[in-house]
Amino acid sequence: MGITKKLFINLIISFWLILIAVFSIQNIDKVSLKFFMFESISIPIGVLLSIMIAIGFILGWLLPVFFTNKSADNKRKNLNRSNRQRTEFSRDLQEENDPLFDWE
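Keep in mind the model is a prediction, meaning the values are calculated, not measured. Residues take numbers from 1 onward in each chain, read along the sequence in its written order. Local features are withheld for residues below a pLDDT of 70 in this predicted model, meaning they are given only at 70 or higher, and side-chain atom pairs are given and counted only at 80 or more; totals for whole chains, interfaces and linings count all residues. Water and hydrogen atoms were dropped before computing side-chain values, which therefore reflect all heavy atoms in the structure.

Asks: Please clarify how the overall build of the protein should be interpreted in this entry.
Replies: A run of DSSP states H or I qualifies as a helix once it reaches four residues; a run of E qualifies as a strand once it reaches two. Both are numbered from the N-terminal end. In terms of helices and strands, the protein carries 3 helices and 4 strands. Helices (α) and strands (β) of the protein occur, in sequence order from the N terminus, as α-β-β-β-β-α-α. Taken over 104 residues, the protein has a buried fraction of 4%. For every accessible area listed, the method is Shrake-Rupley and the probe measures 1.4 Å; residues are considered covered only by the protein chains on display. For the protein, the computed accessible surface area is about 10,000 Å², with 68% contributed by carbon and sulfur atoms. Exposure categories follow from relative accessible area, calculated using a 1.4 Å probe and restricted to protein chains: below 20% of the type maximum is buried, above 50% is exposed, and the middle band is partly exposed.

Asks: Help me understand the packing of aromatic side chains in this model?
Replies: A ring pair, where both rings are aromatic, is described by two values, the distance of the centres and the angle of the planes. Two rings from Phe, Tyr or Trp (for Trp, the six-membered ring) form a pair when their centres sit within 6.5 Å of each other. Planes less than 30 degrees apart are called stacked, planes more than 60 degrees apart edge-to-face, and all others tilted. Scanning all chains against the criterion turns up 2 aromatic pairs. An angle of 75 degrees between the planes, with centres 6.0 Å apart, marks the rings of Phe-15 and Trp-16 as edge-to-face. Look at Trp-16 and you get exposed, because its relative accessible area is 52%.

Asks: I'm lost on the packing of helix H1 (residues 3–26) against helix H2 (residues 45–66) in this one. Help?
Replies: Packed helix pairs are characterised by how far apart their axes lie and by the angle those axes make with each other. Interhelical geometry of H1 versus H2 gives an angle of 145 degrees and a closest axis separation of 7 Å. Across the interface between the two elements, Ile-20, Phe-23 and Ser-24 from H1 touch Ile-45, Gly-46, Leu-49 and Ile-53 from H2. Three classes are used, and their members are as follows: Ala, Val, Leu, Ile, Met, Phe, Trp, Tyr, Cys and Pro are nonpolar, Asp, Glu, Lys and Arg are charged, and the others, Gly among them, are polar. Here the residues of the contact of H1 with H2 are counted per class, giving 5 nonpolar, 2 polar and no charged. What counts as an axis is a line fitted to C-alpha atoms, over the stretch in contact for a helix, and the angles between N-to-C directions run from 0 to 180 degrees. In what follows, a contact means two residues having at least one pair of non-hydrogen atoms within 4.5 Å.

Asks: Mind showing me how you'd approach unusual backbone geometry here?
Replies: With glycine set apart, most residues show a phi of negative sign, and most peptide bonds adopt trans. The backbone of Phe-36 shows a phi angle near 55 degrees, a positive value even though the residue is not glycine. Relative to the helices and strands, Phe-36 is located in the loop between strand S2 (34–35) and strand S3 (38–39).

Don't take any of this as a statement about function, it's just geometry.
If you want it as structure tokens, here you go:
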């Protein structure tokens, strides 16, 4: 990956982190979540936002681990194995001396 692409990605991430920080500082009002008859403790919206983002990152990291397509991994391994066998076969053919062409 080029240095320009890495710099661009870092700038986008930094921009969003700064926006979240500014939003958190400007909205220090306490909120509580209500779901049916349950109500959470009152915490600042910035803290709530940070917790939700952290939970989203963790779920985004863990879910692909549990829900990967095993058959796609097996197909990839078989393809690599067949490519390796094909290269070995072609290498063997190249190394083989054919008496019709080597009759000097």
